[in-house]
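Structural overview
Residues per chain are reported as follows:
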Amino acid sequence: MLTVASAVMRRGALRCGNGQRAMATVISGNRTSQLVRERLKRDVADMRSHFPGFRPGLVVLQVGDRDDSNLYISMKLKAAAEIGINANHIRLPNSATEEEVLRSIVAVNEDPAVHGLIVQLPLDSVNPIDTEKVTNMVAPEKDVDGLTSINAGKLSRGDLGDCFIPCTPNGCMELIAQTGMSVAGKNAVVIGRSKIVGAPMHDLLLWSHATVTTCHSKTKDLAMQVGRADILVVGAGKAEMVKGEWVKEGAVVIDCGINHIPDSSKASGKRVVGDVHYPSAKERAGYITPVPGGVGPMTVAMLMENTVQSAKRFLKTYRPGKWNITYTKLKPVHPKPSDTAISQACATKPITKLAREVGLFSEEVEAHGRNRAKVQLDVLSRMRAQPDGKYVVVTGITPSPLGEGKTTTTLGLVQALGAHLNANSIACVRQPTTGATFSVKGGAVGGGYSQIVPVEEASLLLTSDTQAVSTATCLVVDAISARMQSEAQQTNQSLFDLLVPLRDGQREFSPSQLRRMEKLGIDKMDPLTLTNEEIRKFVKLDIDPFKVSVDKLNFSLGNEIMAILALSTSTQDLRDRLAKMVVTSDCSGDPVTIEDLGVTAVLTVLLREALKPCLMQTVEGSPVFIHTSPSADIAHGNSSVLADKMALKLVGPAGFVVTEAGCGAELGLEKFFNIKCRYSGLQPDVVVMVATVRALKMHGAEQKNTNQLEFGCSHLRRQIENARTYGLPVVVAINTFDGDTEAELEMVCAQARLAGAFDVVRCTHWAEGGAGAVALGKAVQRAAEIPHPFKYLYPLEMPIEEKIRTVAQRMYGAKDIQVSAQALNKITLYTKQGLANLPVCIAKTHLSLSHEPERTGVPKDFTLPIVDVHANVGAGFLCSVVDTTMAPSHRPAWPCYHDNDLYSVMQ
């Protein structure tokens, strides 16, 4: 039985007892819109019950400050808040250019938290703006106004389930549905052909199986056309143009017009009417919408409807905390081709596509060709509230000259976690240097089916960060030479005039010069008040010419600048570190810094672009940050802090960042924990220890008449103990080769477990890609769930000599250290200068736990000779130099660039 309300809505063409026809039923847009809002409110509540914390997002973009636009926007924001939609209003000034408007739209398009975008029209700007271009810039999947050409095209084609319908026509259809009249087979007339109302209304009625006629200003005998309409929709924008006598008896009349006509009875002197003469049309129509209170409220309601619908579509593919990323399906070839051939055969995706997949916005990405991109540091500010992911560091046993595959394992693990275990994962590795690239170990960007591609771009081109460091180094060397020459040739006053020039009749210290004044103990701000002695102290650096060696300066400065780049956490941090860098000393033995030379600002500008991590991809399409290349001996040997921090935000709390520590665990891992982690504030979750049967046999080679592998496993046990010192679970990854036997692999697994490894996994990622490291990925996932009380090896308050001794004894197994007189003097000096609380970085060979490269295995009863200590104040560590026969780490007997016809392969 119908309710009373339903009966009233459907009384249509009933006549009264006296034979005269009843008045038309008024279709209330206010009431219908409220019903829609209540339904949408329930829909949003249902979404949030299934996806806690989720809310549909809506953005209204306005240009200018028109009063009428402000009114409409306030209505939309109020309706959104009532339903539970997270609505935001972006207002650009009326001076906004078209380019600024387009950039704002792109930013909203790329924000996954926004599901609907409205561009409030008109665009009230003093600059010319193409409204059509702006409208079509809105992503079709967020075009809840339904105004883009793509949505309009889908509607005209009848793809109603795959587009957004403009809000006013959509509201009209909802009002027609309230009458109970079936649209199919009816004659429908639409007056008006605008893109917002008339044209889409025609399409909607047509695809609802009505016979539709569109009328407009050129239509002849409009009254006759109207008289045939079972359904009449009017949106002509002319006050009361449709007369009541034109309307067919019992017709449904939907009036979309909003017009103002004079009315002296109103306080404003005018009243609002529609395009239909309401009093007379009400006498003949079966159903009619009033103005106001008819179509108007439905427009806002349908806007909310589209926003909720967009959010529902988004949730169909939404996986909380998961990227919407596509990986490349590998088809490994046997026998395996060369690394270059594999790289060239890869169908890489555009780097901008990968950036979008991992949650980067287009304005945060600076493409360098198709395969490489710099990522802006603004990402860290935008994602500040995002919890970090799991942090995994890959290290290894002391390597053989051929290397044991740490980078290959790092990349294989990331491919396994992402492409095969469905976890967000990013690798962070060091940028190759030409020494490594052309060495016997290969391109230094992985290998086989676990490498960065294209290999030639990753190894040779990248984004000029190394060149920026070289340029900065040359600038410092030139600045030292120029200053020495100027001080030798200029008087104190003339040099002061050059350093603090007269501008507009005044002299003024720069911020850098004020800091130098503070360092000198001169408490004056006005250059004109300095005495002659104070001017002399200010202008004279008195650089000791015997301490200046261009070759040594280039080497030491370049290494420290690269280390600063790797350890900096922001542009300001970079500037502060550069300023503190000690480049030489004066004739009194006091340090001369970059700040003293006055080149801090220009160095920061030179290195600012190099501070941005470079994004590339692996063979399987997993993301990789490849950034900075500090040495692993005289520096900390790890990729950048910024790359790790950025990656941890992008992967989210359930994701994994896999970074690599250079050389063996006693060297690179120790510096990773005690230097890099101290400055980054990050705490790792898991250590992956890479080992090979080949290298362990090398570590047991001294035992001629016994099982070399069994003896060499003592080295593996030692390195596992080193890694466990920091309180973290250790997963051993055995990088297998074809020649390894089952018995050998079982022995290594057993020995690793005896040493306390959390798990031991055999890996074939070199030959199989991520599929060959799935077991390793699962072991890392399990290990990451274990509570881990991370701890450093030593407190910073410990005296310098004791810190060196602690590292030597606990990491290398040394009996003690022997500190030379020169090193002792340096330690005393640095302690006086307040540098005793810096961490230590020991520069020794990477081929042995000891200082002697030929001593493999686990050397015993050796004393580590410390011959010198250098203060890398900018980088933030004291470099202790070991007296050792340093075997060149990346210099093969015959370099691989000879007859390397990479160009032909690339063609």
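Definitions and limits used
- Residues numbered from 1 in each chain as written.
- Predicted model: local features only at pLDDT ≥ 70, side-chain atom pairs only at ≥ 80, totals over all residues.
- Heavy atoms only, no water.
- Helix = DSSP H or I, 4+ residues; strand = E, 2+ residues; numbered from the N terminus.
- Rg over C-alpha atoms; globule rule 2.2 N^0.38 Å.
- Buried < 20%, exposed > 50% of the residue type's maximum accessible area, 1.4 Å probe, protein only.
- Contact = heavy atoms within 4.5 Å.
- Areas by Shrake-Rupley, 256 points an atom, 1.4 Å probe, with all protein chains shown as cover.
- Lys, Arg positive; Asp, Glu negative; His and termini not counted.
- Charge placed at Lys NZ, Arg CZ, Asp CG, Glu CD.
- Core = buried A, V, L, I, M, F, W, Y, C linked by side-chain atoms within 4.5 Å.
- Axes fitted to C-alpha atoms, helices over the stretch in contact; angles between N-to-C directions.
- Parallel < 35°, antiparallel > 145°, perpendicular 65-115°, else oblique.
- Left-handed = near helix turned anticlockwise from the far one by under 90°.
- Nonpolar A, V, L, I, M, F, W, Y, C, P; charged D, E, K, R; others polar.
- Phe/Tyr/Trp six-rings, centres within 6.5 Å; stacked < 30°, edge-to-face > 60°.
- Lys NZ or Arg CZ within 6 Å of the ring centre and 35° of its normal.
- Pairing = 2+ DSSP bridges.
- Salt bridge = Lys/Arg side-chain N within 4 Å of Asp/Glu carboxyl O.
- Polar contact = N/O pair within 3.5 Å; in protein donor to acceptor, adjacent residues only side chain to side chain.
- Patch = residues over 30% accessible without salt bridge, like charges linked within 9 Å, V, L, I, M, F, W, Y side chains within 5 Å.
- Arc of directions from axis to C-beta.

Let us look at the overall build of the protein chain. Looking only at helices and strands, the protein chain features 35 helices and 29 strands. Scaling as 2.2 N^0.38, a compact globule of 907 residues should have a C-alpha radius of gyration of about 29 Å, whereas the protein chain reaches 37 Å, well beyond that. Expressed along its principal axes, the backbone C-alpha trace of the protein chain runs to roughly 120 × 85 × 55 Å. Looking at the protein chain residue by residue over its 907 residues, the buried ones come to 53%. Restricting the contact set of the protein chain to residue pairs at least 6 apart, pairs at least 24 apart contribute 74%. Carbon and sulfur atoms make up 53% of the accessible area of the protein chain, which amounts to about 38,700 Å² in all. In the protein chain, which carries 97 positive and 93 negative side-chain charges, the distance between the mean positions of the two groups comes to 7 Å.

Before going further, it helps to spend a moment on the nonpolar core. Core analysis: the biggest nonpolar cluster contains 126 residues, and Phe625, Phe673 and Leu864 have the highest contact counts within it. The residues contacting Phe673, other than those within four sequence positions of it, are Val393, Arg678, Pro684, Val687, Tyr726, Leu728, Phe790 and Tyr792. Counting residues in hydrophobic clusters, the runner-up holds 48 residues, among them Ile83, Val183, Val190 and Ile254.

So, about the packing of helix α23 (residues 571-580) against helix α25 (residues 600-608). As a packed pair, α23 and α25 sit with axes 9 Å apart at the nearest point and diverge in direction by 135°. By the criterion of interaxial angle, the relationship of α23 to α25 is oblique. Where α23 crosses over α25, the two elements pack in a sense that is right-handed. Contacts between α23 and α25 involve Thr571, Leu574, Arg575, Leu578 and Ala579 from the former and Thr600, Leu603, Thr604, Leu607 and Arg608 from the latter. When grouped by side-chain class, the residues that make up the contact of α23 with α25 number five nonpolar, three polar and two charged.

On to the packing of aromatic side chains, then. Describing an aromatic ring pair means giving the distance of the ring centres and the angle of the ring planes. Evaluated as defined, the whole model comprises 12 aromatic pairs. Here the aromatic cluster, defined as three or more aromatic residues joined through ring pairs, consists of Tyr391, Phe672, Phe673, Tyr726, Phe790 and Tyr792. In this arrangement the basic side chain of Lys844 is found over the ring face of Tyr812, its NZ or CZ atom lying 4.9 Å from the centre.

Quick look at the sheet that holds strand β28 (residues 863-872) now. Pairing is mixed in the open sheet, where four strands are placed in the order β26-β28-β29-β27. Whereas interior strands pair on both sides, the edge strands pair on one side only; in this sheet they are β26 (816-819) and β27 (840-843). Across the sheet, the mean angle from the axis of one strand to that of its neighbour is 40°, orientation sign disregarded. Summarising the sheet, β26 and β28 pair through four bridges and their orientation is parallel. Note on β28: the bridge partner recorded for Ile817 is Leu864. Packing against the sheet, helix α34 (residues 821-832) makes contact with β26, β28 and β29 (877-882), and its axis sits at approximately 40° to β28.

Further remarks concern the pattern of salt bridges. In the structure shown here, the tally under the stated rule is 44 salt bridges. Across the pair Glu595 and Arg575 runs a salt bridge, and its minimum N-O distance is 3.6 Å. Taken as a pair, Glu595 in helix α24 (residues 594-597) and Arg575 in helix α23 lie far apart in primary sequence, 20 residues in all. Arg575 shares its class with Glu595; the two are buried. Ionic pairing is found between Asp868 and Lys826, a salt bridge with its closest N-O pair at 3.0 Å. In this pair, Asp868 sits in strand β28 while Lys826 sits in helix α34, placing the two residues 42 residues apart along the sequence.

Below, the discussion takes up the environment of Asn136. The residue Asn136 is located in helix α5 (residues 131-137) in this model. Sequence-distant contacts of Asn136, defined by excluding residues within four places in its chain, comprise Thr148 and Ser149.

What follows is about the environment of Lys671. Inspection of the secondary structure puts Lys671 in helix α27 (residues 665-680). Accessibility expressed as a relative area gives 0% for Lys671, which makes it buried. It is 11 Å that separates the C-alpha atoms of Lys671 and Cys879, two residues lying 208 residues apart in sequence. If we skip the residues at most four places from it in the chain, Lys671 touches Ala632, Asp633, Ala635, His636, Asn638, Lys676, Cys841 and Ile842. Within polar-contact distance, the side chain of Lys671 engages the backbone oxygen of Ile842 at 3.0 Å.

By the secondary structure assignment, Lys803 is in helix α33 (residues 800-812). Polar contacts involving the side chain of Lys803 include one to the main-chain carbonyl oxygen of Ala836, which spans 2.6 Å. Among residues more than four places away in sequence, those in contact with Lys803 are Tyr794, Pro795, Leu796, Met798, Ala836, Asn837, Leu838 and Val840.

Moving on: the sheet that holds strand β7 (residues 231-234). What the six strands build is an open sheet, ordered β1-β11-β8-β7-β5-β6; its pairing is parallel. The sheet is open, and its two borders are formed by β1 (25-26) and β6 (211-215), each paired with just one other strand. Pairing of strand β5 (residues 187-191) with β6 involves five bridges; the strand directions are parallel. Bridge assignment links Ile191 to a residue of β6, and that residue is Cys215.

We now examine a nonpolar patch on the surface. There is a patch of nonpolar side chains on the surface, built from Leu71, Tyr72 and Met75 and spanning about 300 Å² of accessible area. Mapped onto the fold, Leu71 is located in helix α3 (residues 67-83).

Before going further, it helps to spend a moment on unusual backbone geometry. Apart from glycine, the bulk of residues carry a negative phi angle, and the bulk of peptide bonds sit in the trans form. Omega for the bond connecting His334 with Pro335 falls within 30 degrees of zero, at 0°, which places this linkage in the cis form. Cis geometry marks the peptide bond from Val453 to Pro454, where omega comes out at -10°. Its location among the elements puts Pro454 in the loop between β17 (450-453) and α17 (455-461). One non-glycine residue, Asp861, lies in the positive phi region at around 50°. As for its placement among the helices and strands, Asp861 is situated in the loop between β27 and β28. Note on Asp861: relative accessible area 63%, which makes it exposed.

Of the residues making up helix α21 (residues 532-539), those classed as buried are Glu534, Ile535, Phe538 and Val539. Taken around the axis of α21, the buried residues stretch over an arc of 120°, which confines them to a single face. Tucked inside the fold, the buried residues of α21 contact α18 (465-489), α19 (492-499) and α20 (511-520).

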